[in-house]
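# Structure at a glance
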Amino acid sequence: MIEIELDGKKVDIVEGSMIMHAADKAGTYIPHFCYHKKLSIAANCRMCLVDVEKMPKPMPACATPVTQGMIVRTKSDKAIKAQKSVMEFLLINHPLDCPICDQGGECQLQDLAVGYGGSSSRYEEEKRVVFHKDVGPLISMEEMSRCIHCTRCVRFGQEVAGVMELGMSHRGEHAEIETFIGDSVDSELSGNMIDICPVGALTSKPFRYSARTWELSRRKSVSPHDSTGANLIVQVKNHKVLRVVPLENEAVNECWIADRDRFSYEALNSDERLTTPMLKQGGEWKSVDWQTALEYVANGLKQIKANHGATSIGALVSPHSTLEELHLAGALVRGLGSDSIDYRLRNAEFVATEGVRYLGTSIASLSQLQRVLVVGSNLRKDHPLFAQRIRQATKVGGVVSAITSSTPDWALPVTHSVQVPASAWVQSLADIATAVAAEKGVSAPASGTASVQAKAIALSLISGERKAILLGNAAAHHAKASSLLSLANWIGEQVGATVGYLTEAANTVGAQIAGAVPQGNGAHAGQMLAGGLKAVLLLNTEPVYDSAAGAAAAQALNKAEMVVTLSPFKANMAFSDVLLPIAPFTETSGTFVNAEGRVQSFHAVVKPLGETRPAWKVLRVLANLMGLSGFDFESSQDVLNSLHPEAVAVPEFVPAARLSNAYHGPVDVSSQGAAPVVASIYQLDGTVRRATSLQLTADARSAAPSVEEVLS
């Protein structure tokens, strides 16, 4: 630590830090545009010029290292004059279009122009004009004349997203930001460029001209998509969600969110929303009131139970549902006398587990990993923010190894890669275990061959200190998932690495805690999707898209006497008998548990649309109509407290005693079984599938099957 004097105050700061860092620590604001705490230092806007004693001219605070005894003045005449001069230059070519600019009201240039700009311009020549660019459905670059060349977007792509899709061409007043690799910006994190742009050059295309920033109310929420549990600020006008931006949480999503977290809100306002309960009568759908719909379901379930027994009733639930919804769905089914409830819709193997499967380490620790082996994951698309953290780890020497079916395109260096069909993953992991065993002088848990690749990965895992073996969505859905986990655990114990699942959905961990799996003799998801049930509850899920059965699920569910769909959308209409409109995450309160076991509750941010009701209320009333006991909940908090009776306030994390990836069962290395079913980035859940702009992206166009393909 060294000491400097900043505006007359003594500040202790780590040697090697910049003046800007010292100012941040002291709570002193220095105007800036190009500086961003998560990006490298460019020092090209010059707005942060400060007066440093014994320096002949003002110095950029973001790029001037501190020295012992340095005296810095940020408010002296010399500093203010320099900052005002820079502002005058920045405004020379800037268009005077604040009244029609989407950034108006939240623009750094606008704010700083008030403090450092002149009341009039001395510039009388023609302003330059930059031609607009079309870079895809998410980012608008219609007004690039506003760009002040801070290069934040360029550095973000290069350093955080891992793909330098934007760059600066030409020099001087001819310089402009444009695409180089292709015509569009296709990164799964591209929307963050909108947030970090300090002016109105990069704006949100779906939000464009929808509202003024001061008209929006801001409410906290949690992403319902992947297992990061990204913290969100949902911006609302007239009870309608108009924009979603990140809420900074260093331990979870830092200050970034993935594009599917940011733009999926479009589905919430789409024509696909289900707004009234509906019954199918004579092959036609009729809108009915809630009382009629719920009595129809309650009477139907009672009759089916009487005619076929309780075991003929089951529930297929989505791991994107809240903890409260999953708990009540399980309690309802079990109250009827059945144990057939399952969230593992895409799984091919259903082994009973004692502990709750989770990441095995903290999300923040992914940024510090020195060695990591990823098995069966399209890391960059399945978990964009996890990939971003591992990308940062590689910049400081982290070594990434992978077992995948195709060449990893993760926008980060993959040092060792085994590319084999999914049916050979167990054997590939056994080969690595054999190589580890040879190095350690112990016997291997399964027969394998220490190939050159296997030995290289083994040596990588044996070296280093902070290590993790991460099993992806495809490994979790694999026909021999238990064999993969058993081998991963053995290797982890030998090399000192944590072992965990990246986990597929926002509440995959929560679904296990809520008991949304058969605990006795109930049917698992694979059996339920094969047919045989007489009554099926579908909570937040569309089995044709969300399950391993695919189109076969429709045929199986068509055989049931009653299929009840609880969904925010017009879903499963081909084989359902009742549609009950339930609230999406923005219209209900609830709790998600992310991959690391972090418990995050949230409140509704808008009123339910039409006759929509929170799913926990629908399940409670349904249970009351059937005379089931234990459903006297007044709020979602009551439901949560019943799950955690030991705590009135929910603990921040699931108790460590409940989290475990331990498994040391037998290993089957035979190469049989179909390829695991994994959702592509913009097919993960019903909300993302209905977000128009996301479905126009390159990722969606290349991965999404057509309806005809699904049903063929």
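Computed from a prediction, not measured in an experiment: that's the story for all the values here. (Residues numbered from 1 in each chain as written. Predicted model: local features only at pLDDT ≥ 70, side-chain atom pairs only at ≥ 80, totals over all residues. Heavy atoms only, no water.)

## Things to note about the overall build of the protein chain
- Helix and strand counts for the protein chain come out as 24 helices and 27 strands.
- Its C-alpha radius of gyration of 28 Å places the protein chain within 12% of the 27 Å reference for a compact globule of 712 residues.
- Seen through its C-alpha atoms, the protein chain measures out along the principal axes to roughly 90 × 70 × 50 Å.
- A total of 712 residues make up the protein chain; the buried ones form 59% of that total.
- Taking contacts inside the protein chain between residues at least 6 apart in sequence as the whole, the part at least 24 apart equals 70%.
- Per element, the accessible surface of the protein chain, about 28,100 Å² overall, is 51% carbon and sulfur. (Helix = DSSP H or I, 4+ residues; strand = E, 2+ residues; numbered from the N terminus. Rg over C-alpha atoms; globule rule 2.2 N^0.38 Å. Buried < 20%, exposed > 50% of the residue type's maximum accessible area, 1.4 Å probe, protein only. Contact = heavy atoms within 4.5 Å. Areas by Shrake-Rupley, 256 points an atom, 1.4 Å probe, with all protein chains shown as cover.)

## Comments concerning the layout of surface pockets
- Approximately 810 Å³ is the volume found for the second largest pocket.
- As for the second largest pocket, its lining consists of 29 residues, and the residues nearest its centre are Gln108, Ile194, Asp195, Ile196 and Cys197.
- Listed by contribution, the elements that provide at least two residues to the lining of the second largest pocket are α5 (192–196), β10 (203–204), β12 (231–237), β13 (240–246) and α6 (259–263).
- With 4 residues, β13 is the largest single contributor of residues to the lining of the second largest pocket. (1 Å grid on protein atoms, 1.4 Å probe; cavity = no way out; pocket = protein on both sides within 12 Å on 5 of 7 lines; lining within 4 Å. Points joined across faces, edges and corners; volume = space filled by probe spheres on them.)

## Section: the packing of helix α11 (residues 425–440) against helix α12 (residues 452–462)
- Viewed as axis vectors pointing N to C, α11 and α12 meet at an angle of 60 degrees, and their least axial separation amounts to 8 Å. What the angle tells us is that α11 and α12 run oblique. Crossing hand, α11 versus α12: right-handed. Together, Asp431, Ile432, Ala435, Val436, Glu439 and Lys440 of α11 and Ala454, Lys455, Ile457, Ala458, Leu459 and Ile462 of α12 make up the contact between the two elements.
- Grouping the amino acids of the contact of α11 with α12 by side-chain chemistry returns 8 nonpolar, no polar and 4 charged. (Axes fitted to C-alpha atoms, helices over the stretch in contact; angles between N-to-C directions. Parallel < 35°, antiparallel > 145°, perpendicular 65-115°, else oblique. Left-handed = near helix turned anticlockwise from the far one by under 90°. Nonpolar A, V, L, I, M, F, W, Y, C, P; charged D, E, K, R; others polar.)

## Side note on the UniProt feature "domain: 4Fe-4S Mo/W bis-MGD-type" (unreviewed entry) in the protein chain
- The UniProt feature table records "domain: 4Fe-4S Mo/W bis-MGD-type" (unreviewed entry) at residues 216–272.
- Between the C-alpha atoms that bound residues 216–272 the distance is 24 Å, and the span itself is 9% helix and 35% strand. (UniProt positions renumbered as here; feature names shortened; annotations may be inferred.)

## Section: the pattern of salt bridges
- Evaluation of the coordinates by the stated rule reveals 33 salt bridges.
- Arginine 122 serves as the salt-bridge partner of glutamate 88, at 2.7 Å between the closest nitrogen and oxygen. With glutamate 88 in helix α2 (residues 77–92) and arginine 122 in the loop between α3 (108–116) and β6 (133–134), this pair connects stretches of sequence that are 34 residues apart.
- We classify glutamate 88 as partly exposed; its relative accessible area is 33%.
- Overlapping salt bridges, with partners in common, bring together Glu272, Arg346, Glu504, Glu542, Asp546, Arg689 and Arg690 in one network. (Salt bridge = Lys/Arg side-chain N within 4 Å of Asp/Glu carboxyl O.)

## Some words on the nonpolar core
- Counting 70 residues, the largest nonpolar core has Phe33, Met47, Ile139, Phe156, Leu166, Leu202 and Val241 as its most contacted members.
- Of all the secondary-structure elements, those providing two or more residues to this core are α2, α3, β7 (139–141), α4 (152–161), α5, β12 and β13.
- The element that contributes the greatest number of residues to this core is α4, accounting for 5 residues.
- Setting aside its immediate chain neighbours within four residues, leucine 166 contacts Met141, Cys153, Val154, Ile177, Glu178, Thr179, Phe180, Val185, Met193 and Leu202.
- In this structure, Leu279, Ala293, Ala298 and Val639 belong to the second largest nonpolar core, which totals 55 residues. (Core = buried A, V, L, I, M, F, W, Y, C linked by side-chain atoms within 4.5 Å.)

## Examining the pairing of strand β25 (residues 578–581)
- On β25, burial covers both faces: Val578 and Leu580 on one face and Leu579 and Pro581 on the other are all buried.
- Examined bridge by bridge, strand β14 (residues 278–281) and β25 share 2 bridges and lie antiparallel to one another. Looking at the pairing, leucine 279 lines up with valine 578 of β25.
- By the bridge criterion, 4 bridges tie strand β24 (residues 562–567) to β25 in an arrangement that is parallel. (Pairing = 2+ DSSP bridges.)

## Here's the deal with the side chain of histidine 94
- Mapped onto the elements, histidine 94 comes out in the loop between α2 and α3.
- When near neighbours in sequence (up to four residues on either side) are disregarded, histidine 94 contacts Leu109, Lys127, Ser145, Arg146, Ile148 and Val199.

## Observations regarding the packing of aromatic side chains
- This structure, assessed with the given rule, holds 2 aromatic pairs.
- We note arginine 243 situated over the ring of phenylalanine 207; from NZ or CZ to the ring centre the distance is 4.4 Å. (Phe/Tyr/Trp six-rings, centres within 6.5 Å; stacked < 30°, edge-to-face > 60°. Lys NZ or Arg CZ within 6 Å of the ring centre and 35° of its normal.)

## Describing the UniProt feature "domain: 4Fe-4S His(Cys)3-ligated-type" (unreviewed entry) in the protein chain
- Taking the UniProt record as the reference, the feature "domain: 4Fe-4S His(Cys)3-ligated-type" (unreviewed entry) is found at residues 78–117.
- Here residues 78–117 is 60% helix and 0% strand, with 16 Å between the C-alpha atoms at its ends.

## Some words on the sheet that holds β13
- The 3 strands are arranged β11-β12-β13 in an open sheet whose pairing can be described as antiparallel. Edge positions in the sheet fall to β11 (217–222) and β13, since each has one partner strand and no second. In this sheet, adjacent strand axes meet at a mean angle of 35 degrees when their direction is disregarded.
- In this structure, β11 lies alongside β12, joined through 6 bridges in antiparallel fashion. Each residue of the ladder has a partner; that of arginine 218, found in β12, is glutamine 235.

## Focus on the packing of helix α8 (residues 323–335) against helix α20 (residues 636–643)
- Orientation of α8 relative to α20, taken along the N-to-C sense of each, is 70 degrees, at an axis distance of 9 Å. By the angle between their directions, the pair α8 and α20 is classed as roughly perpendicular. Where α8 crosses over α20, the two elements pack in a sense that is left-handed. Of α20, the residues touching α8 (which contributes Leu323, Glu324, His327 and Leu328) are Ser636, Val639, Leu640, Ser642 and Leu643.
- Partitioning the contact of α8 with α20 into residue classes produces 5 nonpolar, 3 polar and 1 charged.

## Section: the sheet that holds strand β19 (residues 399–404)
- One open sheet holds the 5 strands; their spatial order is β20-β19-β18-β21-β22, and the pairing between them is parallel. Of all strands in the sheet, those bounded by a partner on one side alone are β20 (416–419) and β22 (498–501). If you compare each strand with its neighbour and ignore which way they point, the axes differ by 10 degrees on average.
- Here 4 bridges tie strand β21 (residues 467–471) to β22, and the two strands are oriented parallel to one another. The partner of leucine 471 across the bridge, within β22, is tyrosine 501.

## Some points on the side chain of aspartate 259
- One can find aspartate 259 in helix α6.
- No salt bridge is formed by the buried aspartate 259, whose closest oppositely charged neighbour, arginine 262, lies at an N-O distance of 4.7 Å.
- One polar contact links aspartate 259 to serine 190, side chain to side chain, over a distance of 2.7 Å.
- Here aspartate 259 is in contact with Leu138, Ser187, Glu188, Leu189, Ser190, Gly191, Ser264, Tyr682 and Leu694, once residues within four sequence places are set aside. (Lys, Arg positive; Asp, Glu negative; His and termini not counted. Polar contact = N/O pair within 3.5 Å; in protein donor to acceptor, adjacent residues only side chain to side chain.)

## With respect to unusual backbone geometry
- Residue threonine 151 is not a glycine yet carries a positive backbone phi of 65 degrees.
- One non-glycine residue, asparagine 572, adopts positive backbone phi at about 60 degrees.
- If you trace the backbone, asparagine 572 turns up in the loop between β24 and β25.
- Overall, asparagine 572 belongs to the buried group, its relative accessible area being 8%.

## Details of the environment of glutamine 68
- By the element assignment, glutamine 68 lies in the loop between β4 (59–60) and β5 (71–73).
- On the accessibility criterion, glutamine 68 (55% relative accessible area) is exposed.
- Residues glutamine 68 and methionine 1, 67 residues apart in the sequence, show an inter-C-alpha distance of 9.0 Å.
- Looking at glutamine 68, its side chain comes within polar contact range of the main-chain nitrogen of glutamate 3, at 3.2 Å.

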